[in-house]
Every structure is written in C-alpha cells, then in structure tokens.
Amino acid sequence: MNQLVKGTVRNRHPFIFIAPALLILILFSLIPIIIAFVISFTDMDLKGLADWSNISFIGVENYTNLLADTVFHKAVFNTFFYVVIGVPLVIFFSLGIALLLNYGKNLVFTVFRAVYFMPAITNIIAIAVVWGFLYNTEYGLFNYLLSLADVDKVPWLEHPVIAKLSLILLAVWKGIGINMIIFLAALQGIPNSYYEAAKIDGAKRWQILLFITIPLLRYAIFFVTVTTLIGWLQFFEEPFIMTQGGPLDGTVSMALFIYQRGFQFSEFGYAAAGSFVLFIVIIIVTLLQFKLRKADDDI
Amino acid sequence: MKKKGLVVPAVLAMGLSTALAGCGGGSGDSENTLSVWAMGEEGKLLDEMTEAYEEENPDVTVDVQAIPWDQAYDKLLTAVASGNGPDVLQLGTTWVAEFADAGALLDLTEHMEDYPDFNLDNYFEGAQTSMKYDDQIVGIPWYVETRTMYYRTDLLEEVGYSEAPATWDELKDAATKLSESGEDVYGLDIDLNDQITPFIFAWQNGFEFDTENPDFTSPEFTEALEYYTSYFEEGISTTSEGIDIIQAFKDGQKPIFFSGPWMINILNDQAPDLEGQWAVATMPAKENNLSSIGGANFSVFHNSEKVDEALDFISYMNEVDTQIEWMEKSNTLPSRLEAWEDPKLADDEMYSVFGEQLENTKGAPPIKEWEKVAQELLSSIERINIGGADLDEELESFNEKANSMIE
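Residues numbered from 1 in each chain as written. Chains lettered and ligands numbered in written order. Predicted model: local features only at pLDDT ≥ 70, side-chain atom pairs only at ≥ 80, totals over all residues. Heavy atoms only, no water.

Below, the discussion takes up the UniProt feature "transmembrane region" (unreviewed entry) in chain A. Residue and element names in this part refer to chain A. UniProt's entry tags residues 15–39, 80–103, 115–135, 165–187, 208–233 and 268–290 with the feature "transmembrane region" (unreviewed entry), counted in the numbering of this structure. With 92% helix and 0% strand, residues 80–103 has its two end C-alpha atoms placed 35 Å apart. From the first C-alpha to the last, residues 115–135 spans 21 Å; its make-up is 90% helix and 0% strand. (UniProt positions renumbered as here; feature names shortened; annotations may be inferred. Helix = DSSP H or I, 4+ residues; strand = E, 2+ residues; numbered from the N terminus.)

Residues and elements named next belong to chain B. Each assigned domain of chain B is listed here: domain 1 (25–146 + 293–363) and domain 2 (148–292 + 366–405). Taken over C-alpha atoms, the centre of domain 1 sits 29 Å from the centre of domain 2. If you look at the interface, domain 1 gives 23 residues, while domain 2 gives 24 residues. Here domain 1 and domain 2 share an interface that buries about 2,000 Å² over both sides, 65% of which is from carbon and sulfur atoms. When the buried surface of domain 1 facing domain 2 is broken down by residue, Met-350, Gln-357 and Lys-362 rank first, second and third, together holding 30% of it. One can count two salt bridges joining domain 1 with domain 2. A salt bridge links Glu-208 to Lys-362; the nearest nitrogen and oxygen atoms lie 3.6 Å apart. Take the side of domain 1 that touches domain 2: its biggest share by element is six residues, from helix H15 (residues 349–358). (Domains from an automatic or database assignment. Contact = heavy atoms within 4.5 Å. Buried area = accessible area lost by both parts, 1.4 Å probe. Salt bridge = Lys/Arg side-chain N within 4 Å of Asp/Glu carboxyl O.)

Now for the interface of chain A and chain B. Taken together, the contact between chain A and chain B spans 43 residues of the former and 35 residues of the latter. Carbon and sulfur atoms supply 67% of the area buried between chain A and chain B, which totals about 3,400 Å² over both sides. Among the residues of chain A in contact with chain B, Leu46(A), Leu248(A) and Phe263(A) are the three that bury the most area, contributing 19% of the side total. Put simply, chain A and chain B have one salt bridge between them.

The subject of this paragraph is the environment of Leu377(B). Residues and elements named next belong to chain B. Within the element layout of this structure, Leu-377 appears in helix H16 (residues 370–385). Given a relative accessible area of 1%, Leu-377 falls into the buried group. Along the sequence, Leu-377 and Asn-399 sit 22 residues apart, while their C-alpha atoms lie 9.1 Å from each other. Excluding residues that lie within four positions of it along the chain, Leu-377 makes contacts with Pro-198, Phe-199, Phe-221 and Phe-398. (Buried < 20%, exposed > 50% of the residue type's maximum accessible area, 1.4 Å probe, protein only.)

Turning our eyes to something else, we now look at the sheet that holds strand S8 (residues 256–259) of chain B. All names here are of chain B. Strand order in the open sheet made by the three strands is S8-S7-S9, with antiparallel pairing throughout. If you trace the sheet from one side to the other, it starts and ends with S8 and strand S9 (278–281), each paired once. Between one strand axis and the next, the sheet turns by 25° as a mean value, whatever way the strands run. Where strand S7 (residues 148–152) lies against S9, four bridges are found, and the strand directions are antiparallel. Among the inter-strand pairings, Tyr-150 is bridged to a residue of S9, identified as Val-280. Running over the sheet, helix H11 (residues 262–270) touches S7, S8 and S9 and is turned about 130° from S8. (Pairing = 2+ DSSP bridges. Axes fitted to C-alpha atoms, helices over the stretch in contact; angles between N-to-C directions.)

Residue and element names in this part refer to chain A. Relative to the assigned elements, Thr-213 resides in helix H11 (residues 205–216). In this structure Thr-213 comes out as buried when scored by relative accessible area, which is 5%. The residues contacting Thr-213, other than those within four sequence positions of it, are Leu-99, Leu-187, Ile-190, Tyr-195 and Ile-208.

With that settled, consider the packing of aromatic side chains. Two numbers describe a pair of aromatic rings. These are the distance of the centres and the angle of the planes. Applying the stated criterion across every chain yields a total of 56 aromatic pairs over all chains. Their ring planes at 75° and their centres at 6.3 Å tell us that Phe207(B) and Phe209(B) sit as a pair that is edge-to-face. By relative accessible area, which is 3% here, Phe207(B) ends up buried. Measuring from centroid to centroid gives 6.4 Å for Phe209(B) and Trp370(B), while their planes differ by 65°, and the two rings are edge-to-face. Residue Phe209(B) is found in the loop between helix H8 (197–204) and helix H9 (219–233), and its partner Trp370(B) is found in helix H16; the two are separated by 161 residues along the sequence. The burial state of Phe209(B) is the same as that of Trp370(B); both residues are buried. Site record: aromatic cluster; members linked through ring pairs are Tyr53(B), Trp142(B), Tyr143(B), Phe298(B), Phe313(B), Tyr316(B) and Trp326(B). Here Lys164(A) stacks its cationic end above the ring of Phe81(A), 5.3 Å away from the centre of that ring. (Phe/Tyr/Trp six-rings, centres within 6.5 Å; stacked < 30°, edge-to-face > 60°. Lys NZ or Arg CZ within 6 Å of the ring centre and 35° of its normal.)

In this section: unusual backbone geometry. As a rule of thumb, non-glycine residues mostly have phi less than zero, and peptide bonds are mostly trans rather than cis. Although it is not a glycine, Leu248(A) adopts a positive phi angle of roughly 50°. Examined against the element boundaries, Leu248(A) turns out to sit in the loop between helix H13 (237–242) and helix H14 (254–264). In this model, Asn331(B) sits at a positive phi of 60°, which is unusual for a non-glycine residue. Here Asn331(B) is to be found in the loop between helix H13 (320–330) and strand S11 (333–334).

The next subject is the domain arrangement of chain A. Residue and element names in this part refer to chain A. For chain A, the assigned domains are domain 1 (14–59) and domain 2 (69–298). The distance between the C-alpha centroids of domain 1 and domain 2 comes to 31 Å. Taken together, the contact between domain 1 and domain 2 spans 10 residues of the former and eight residues of the latter. Between domain 1 and domain 2, roughly 690 Å² of surface is buried when both sides are summed, and carbon and sulfur atoms account for 80% of that area. The three residues of domain 1 that bury the most area against domain 2 are Ile-33, Ser-40 and Met-44, which together make up 45% of that side's buried surface. On the surface where domain 1 and domain 2 come into contact, there are zero salt bridges. Counting across the interface, domain 1 meets domain 2 through two residue pairs in polar contact (both at pLDDT 80 or more). Secondary-structure elements contributing two or more residues to the side of domain 1 that touches domain 2 are helix H2 (12–39) and helix H3 (46–50). No other element matches the four residues that H2 contributes to the side of domain 1 that touches domain 2. (Polar contact = N/O pair within 3.5 Å; in protein donor to acceptor, adjacent residues only side chain to side chain.)

Residues and elements named next belong to chain B. For helix H17 (residues 391–405), spanning 15 residues, the distance from its first C-alpha to its last is 21 Å, which sits close to the expected 21 Å at 1.5 Å a residue. Residues of H17 that are buried include every one of Leu-391, Glu-394, Leu-395, Phe-398, Asn-399, Ala-402 and Met-405, and no others. Within H17, the buried residues cover an arc of 135° as seen down the axis, which keeps them to one side. Of the exposed residues in H17, the ones pointing more than 90 degrees away from its buried face are Glu-393, Glu-400 and Ser-404. Those residues of H17 that are buried are in contact with H9 and H16. Capping the start of H17 is the job of one residue whose side-chain oxygen sits 3.4 Å from the backbone nitrogen of Asp-392: Asp-390. (Expected span 1.5 Å × (residues − 1). Arc of directions from axis to C-beta.)

What follows is the structure, given as structure tokens:
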C-alpha cells in the first residue's frame, strides 16, 4: 500500500495533467448521470424542485409507466426509423462526396468543399426558417417544382411518415459536411505509393477504390459510424424546431419526448427515467459496434 | 441531433444553483435595489417606465431584467430550484397555478387591505381567476388579452353579411359560403396549436370546467368539440399550415380568424392597404359568447426580502394612469376596469370591442396540470382531424387521461 502511494507520488506528473479533464468529467458528466439515475426513481416535479421534502421515492413506477406510454412507444419507433434510414445515408453520401472531391485540387473542388460544409456551420434556427419555407405545402419551393411536373401537393410536414422522411432529408443534408471533412482528411492520409504500385500492377479505378482506398479508410468509417449513430439516436433539433413532434406524434424522437416531459410538463422523474432508457440503448448499440469491429480485426 | 443527455444540464443547473445560493441574494447588489423580471417585449419596455417611479422614490432603484419568452420557463425553474429569484416577477397567467403550487409566489392576502389598487373588484372578472390559487392571492393582473374575431368586412358583405356573424349558426353559414366562393379559400381559420380555442367553444356551449374532476364527456363539451371539428371535416378550415395568416387574410383566403389584441398592430403594419376592409367583433354566441382571458400578472417571489418595496412598485404600475401610459407604450390592454373608461380605449373602434369582450371572459382553470391537460386535448383533436379517429371514443379516453393527471 505504502509502496503504491510512493509510486504514485513519484509518477505524479501524468496524473496532474489528466486531473483537470477528469475533474470536469466527474463534475459535469458522472455526477449528473448518477443524480439523474436517482431522480428516475422519484416523482420529482416543480413542487419537488422547490422543496425537496415533496419528493418521494416511487420505485420503478416511472419505468413501468414508460413501458405502457403509447407516445413513448412511438418515440422509440420513430428514433429507430430515423437511425435505420438516416445513418446509412449520411455515411454513404459523405463518403461519396469526399471521394469525388478528392479527385482534384483546383478552385472548383475547393468551392464545392465549402458548399458541402456550409450546412454544418449554419445556425439551426436559420435552417429551420428556410426549410420551413421549402417544405410549406401551399407555397413551398418543393411543391412548386412538383406542380410544374403535374404532381399533386405533397404534405411534407403534415403526414406522419412523410414528415419523418422530410426531417431525415434535412438532417442528412446538415450532417454530410462534418463527416465529409473527416473522410477527406483520412483520404489525404493514404500514402501515394500504394496508388502508384496499384497502377503499375495495372489495377482499374474501381479496383483501386475497392481494394486500397476503402480498406485504408476503415478507421475513419468506424469513427464516423459510431459518432453518427450516437448523434442520430439523440435526434432532437430537427423535430423540435420543425414539427414539435407532430403530426400525430409522428416525428417525436426519444430525446424530444424526454425534453417535452421534463421541460414542458415538469415531470422530472419521468423524464429522467426516459433519458436513462435512451442512455442504455446508446451504450448497448455502441458496445455492439466495438464488438463487431473486434471480430473484423481478427480476420 | 446533438442534445447530450437532456437531464444532465437540468440536474447540473439544480446542483449548481443550490451551491451558489449561499453567495448573495437575488435582489441585486445594493440594499435599495428592487429586482424585477419581465418577459419578452414588455421586459425591454418596462425599463423606460421605471424611471418615473425612481424619480418619485429616490431611495429605490429598480433593476429590470428582460427575459425572452422562450427562456423564461427555464429561468423560472432555476429560480424555484435555487430559491434565488427576483423580488417582483411577471408571470403569464397560465403559469400562475404551477408556480403557486410549487410555493414560489408570496401570498399577498394580508397586504391586500393596505393597497387599494389591488382590490379584486378593480379587475375583470375573468382576470380574478388568475389572482387566486387555493385560498391565496398570488398575483395582481398587469395587462390582459382576450380573443376576438377578426374578419374581412368586404368579403362578408359579398356573402350577405353586413354585420359580423353573431351566433354559431351564422358563423358556420358565413364560413361555408366564403369557402365556396373560391378555390383554396378557408372560411374560418382555427389555429390548431392554440390551447384555449377548444375551451372557448366549450364555455360558449355552457361547459363548466370543474377543477376537481372535470367531465369532458358531458354533452356540452362533446357538442362544442363536434362543432369545432366539423369545420375541419367539412373543409371550411384547413389542418395544413399553409400560407401565413396575415398574407392569407390579405388575399382573402382566410377571411375570418380568432386572435388577440396584438393582431391589430400586426395587421396595420403588414397589411396597410387593407385598412377599412377589416374589423374585429366579439365572439359569436351559442349559450353565451365567452372568450378567454390571458395576459400577465405581477407576483412577489416567495423569499423576497423587500416585500413592501415590491408591493409599492406593483401598486404604482397598476395605478390607472400608469396603466394607460403603459398601454400606449406597449400596446397591451390594461387590466384595470377603470382604465377602460379612458377615451383612448372607450372611443377606439377596435379596442372598444376588446373592452366589450373582456366583460365576458373566463380565465384558464387554475390547476397546475393545465398545460398537460390542454396539450393532451390538442393531441386528441389532432387524432380526430387528421387521423380520422372517432370523436366520442377520443373524448372518452381524453377524459380518463385528464382526470388521472389532475390529482
């Protein structure tokens, strides 16, 4: 024991360096998570917030209520709908665009790099206003273009399934930029000698792409998949600003459900239970990915 | 998409604010500073009003904090959690019950006699609802708003109405005729996101909101909702967001709608060419022509150390003359009955309609679950209008849910 303390003191420098990060992590992440976990077993509401003696432990009631809550069922279904369709689209398009942009270095490519990155740095409120106009059933641009081709008005945000797809379209458009930059950086990190060797061996373009570029992008693809998946499981901003969860709860996501319960109806205990379910889903999905990835490494 | 662990920031805010509660009260730095929280536009304008008060009371400085509406609720939550709030706060009438229930508002009952301006009879009957919670007096109405009917006089004339429709039947008839007058014309616009509109119809049909155990399957309520949803079923109102109401009103696509007093200025600003072609009228009647009353109250935070100063300030703001001055500055309607005798309001053709309507109003029921109940009803209505659900079944299940929400 004494030995251990002495050893720690002697090698204190690394600990001092990670201490600030660790402290912040504990203070702003771990402790709140633990408190939220405790709250999820209480009936905490506004009254409880004002005076803690009004809070009482109600066991797993919040969780059993969640399981019976039809809106929560819809939120779970919608979230998986978003993830299953949205995540592959984001990865496919950001990788595709990165590959195309990597073909050249002249002005056109630079300009388009900026164009594709623009949505990622645009304020979400501005996006909501513009897309709200685009999606408007009566005078929106999309419906106007469709009317030129004699297509009937599409209720972009007013039909449960179409509204979900509209939000996915918006989120994909917004999500491409940042992932594209990650892919571009990874692409530029591939040594040119591989390509030269391939060319000397007479490899065709698609062979180079399939057997050199993609395998060497493995780490980037894995990183983008994990972060995108976590991001999409917490799908929030788009339904929050565009539809507030409607129509018929068709666009409510788990994160939005939690927000509404917690900050609109002040049911903090219930919202905490919801956020814990989401937390566990995210952990399971992420662990699953690491597991699959390990299997991939073994080959 | 990026909203990491929503509960986390909330919990953090709670924890931090409790930790910081020890350091300094919320009542500003100096002993004679009265801190006031006001929301939205009013918050920005209130600062100009306090100068006159400070001149009269040189030993008091009023520190107004303007809080945007969309942050107001969070800000109030934090104040409640930390017990670290202002001395005086402006509170939207629908929030009163919730915060009063949490014990955030000081009971003013014992001070009522000292301040004649606070007398309940000074205010509209509907507004008195928001002053009380249980047996306490928790707020003094500052300004009020009510819903009336805006309509295009010229278009209604064309379908044979030289006066505004005065009954439910006339409204339905006029709206139907207007809808038939052209493609994409919706005779009556009903805002589906507005929480109070279904209740306005229900009140007009004689429904009483029993705050203990309301009956939403009663014939009065059911009939009102049948009337409300029939507009959507028959295509007289649209469920789709469509064109902005101002533009649609201008184009004649939505020639009738219900809204509050703020719309007068918006219409004057954004549709100046329309002048003389539109008017406001009191609500069409069934059993009665009740409308809702809303607005904002002044309350004193429960642990304020400057109760007397706070009450004095509120009393000053609620004097008839100050209210008139405030009305001119902010275009909000005064809560004091006496203020309405002023020719600026009584002789104005628009405002006098609001004055008349205000006599016949009810406030949102003073229950802390109001927001939840109202939102649940909107979901039910959405299922009927868009999802094609059966009205009676929906009301049955809404009734069950609402009653389980209300403790």
